[in-house]
Amino acid sequence: MITLALSKGRIFDETLPLLAEAGIQVLEDPEKSRKLILPTNQPELRVVLVRASDVPTYVQFGGADIGVAGKDVLIEHGGQGLYQPLDLQIAKCHVSVAVPAGFDYAHAVRQGARLRVATKYPAIAREFFARKGVHVDLVKLYGSMELAPLTGMADAIVDLVSTGNTLRANNLVEVEQIMPISSQLVVNQAALRLKQLPLRHLMDVFARACHPEALV
Ligand code: AMP
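Residues numbered from 1 in each chain as written. Predicted model: local features only at pLDDT ≥ 70, side-chain atom pairs only at ≥ 80, totals over all residues. Heavy atoms only, no water.

- The protein goes by ATP phosphoribosyltransferase in an unreviewed UniProt entry, where it is assigned to Lampropedia cohaerens.
- If you open the UniProt record of the protein and go to Function (unreviewed entry), you find "Catalyzes the condensation of ATP and 5-phosphoribose 1-diphosphate to form N'-(5'-phosphoribosyl)-ATP (PR-ATP). Has a crucial role in the pathway because the rate of histidine biosynthesis seems to be controlled primarily by regulation of HisG enzymatic activity." (UniProt positions renumbered as here; feature names shortened; annotations may be inferred.)

1. Brief notes about the sheet that holds strand E2 (residues 37-39)
Part 1: Ordered in space as E2-E3-E1-E4-E11-E5, the six strands form an open sheet in which the pairing is mixed. At either margin of the open sheet sits one strand with a lone partner, and together these are E2 and strand E5 (82-87). When the angles between neighbouring strand axes are averaged without regard to direction, this sheet yields 30 degrees. (Pairing = 2+ DSSP bridges. Helix = DSSP H or I, 4+ residues; strand = E, 2+ residues; numbered from the N terminus. Axes fitted to C-alpha atoms, helices over the stretch in contact; angles between N-to-C directions.)

2. Considering the site of the ligand
Part 1: Neighbouring the ligand are the residues Arg10, Ala91, Cys93, Glu146, Asp159, Leu160, Val161, Ser162, Thr163, Gly164, Asn165 and Thr166.
Part 2: With respect to the ligand, the backbone of serine 162 contributes an N or O atom lying 2.8 Å from an oxygen atom.
Part 3: Within the backbone of glycine 164, one N or O atom sits 2.7 Å away from an oxygen atom of the ligand.
Part 4: Protein coverage of the free-state accessible area of the ligand, which is 490 Å², stands at 70%.
Part 5: Every element with two or more residues in the shell around the ligand is listed here: strand E9 (156-161) and helix H7 (165-169). (Near = heavy atom within 4 Å. Polar contact = N/O pair within 3.5 Å; in protein donor to acceptor, adjacent residues only side chain to side chain. Areas by Shrake-Rupley, 256 points an atom, 1.4 Å probe, with all protein chains shown as cover.)

3. Brief notes about the pairing of strand E3 (residues 45-49)
Part 1: Most of E3 is tucked away, with four of its five residues classed as buried.
Part 2: Examined bridge by bridge, strand E1 (residues 2-6) and E3 share five bridges and lie parallel to one another. Counterpart to alanine 5 in the pairing with E3 is valine 48.
Part 3: Two strands pair when backbone bridges link them, and E2 and E3 are joined in this way by three bridges, in the antiparallel orientation. Among the inter-strand pairings, proline 39 is bridged to a residue of E3, identified as arginine 46.
Part 4: Connecting the antiparallel pair E2 and E3 is a turn made up of five residues. (Buried < 20%, exposed > 50% of the residue type's maximum accessible area, 1.4 Å probe, protein only.)

4. A look at the domain arrangement of the protein
Part 1: On domain assignment, one finds that the protein holds domain 1 (2-91 + 182-214) and domain 2 (93-180).
Part 2: Taken over C-alpha atoms, the centre of domain 1 sits 30 Å from the centre of domain 2.
Part 3: Taken together, the contacts link seven residues of domain 1 with eleven residues of domain 2.
Part 4: In total, domain 1 and domain 2 occlude about 680 Å² of area from one another, counting both sides; carbon and sulfur atoms represent 54% of this.
Part 5: Of all residues in domain 1, Asp72, Ile75 and Glu76 bury the most surface against domain 2, accounting for 64% of the area lost on that side.
Part 6: At the surface where domain 1 touches domain 2, the tally comes to zero salt bridges.
Part 7: The interface formed by domain 1 and domain 2 contains four residue pairs in polar contact (both at pLDDT 80 or more). (Domains from an automatic or database assignment. Contact = heavy atoms within 4.5 Å. Buried area = accessible area lost by both parts, 1.4 Å probe. Salt bridge = Lys/Arg side-chain N within 4 Å of Asp/Glu carboxyl O.)

The structure is reproduced here in structure tokens:
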């Protein structure tokens, strides 16, 4: 049995068409079912639904053999014990810095101001601001980052931005893009030795679906 870890939402929705190209179908809709383990039309493949930030942990500790995780989540996790063979080019967005409209971020940076930054991504934010030589106090949040500057709790946020609609709706503006994000295939290194054939097959399925030009 191969266990594939996915998170609900964009990653699940954008992984399904890649599997479908090889005739693999998940047999239940996670938006309708409360089940956490979903069967597929392949008796030897099942899907487990976990939080996006837990996908690397499930794969690292063998709760799943293989999974799909955003680069943002992988950087924060550290990637220990994971083989990362493929960029699936799905769930694309950016990690960006955003501030309230009207806050002169460039000026504050030039002045060497100490900024308070709210984020779910402390490792990415710490490294980014350290490289720029900007002093920051990081405030770790688990969601609704946009609220932190609106309530005066932070000067800026570091968050994922896709269309920019969420920022606009909250009167925030993107002032710097830190890095592009897409989802990666991650594989448990021990499982890859023990279940080599079925895992290589599944990795091929993903490779064919997202990089067909690279295969003959
Ligand atoms: P948007 O309004 O399209 O810019 O999307 C921003 C909101 O969606 C933020 O709350 C992000 O945390 C979330 N978001 C955007 N892209 C992704 C992604 N690829 N994976 C997970 N969350 C995302």
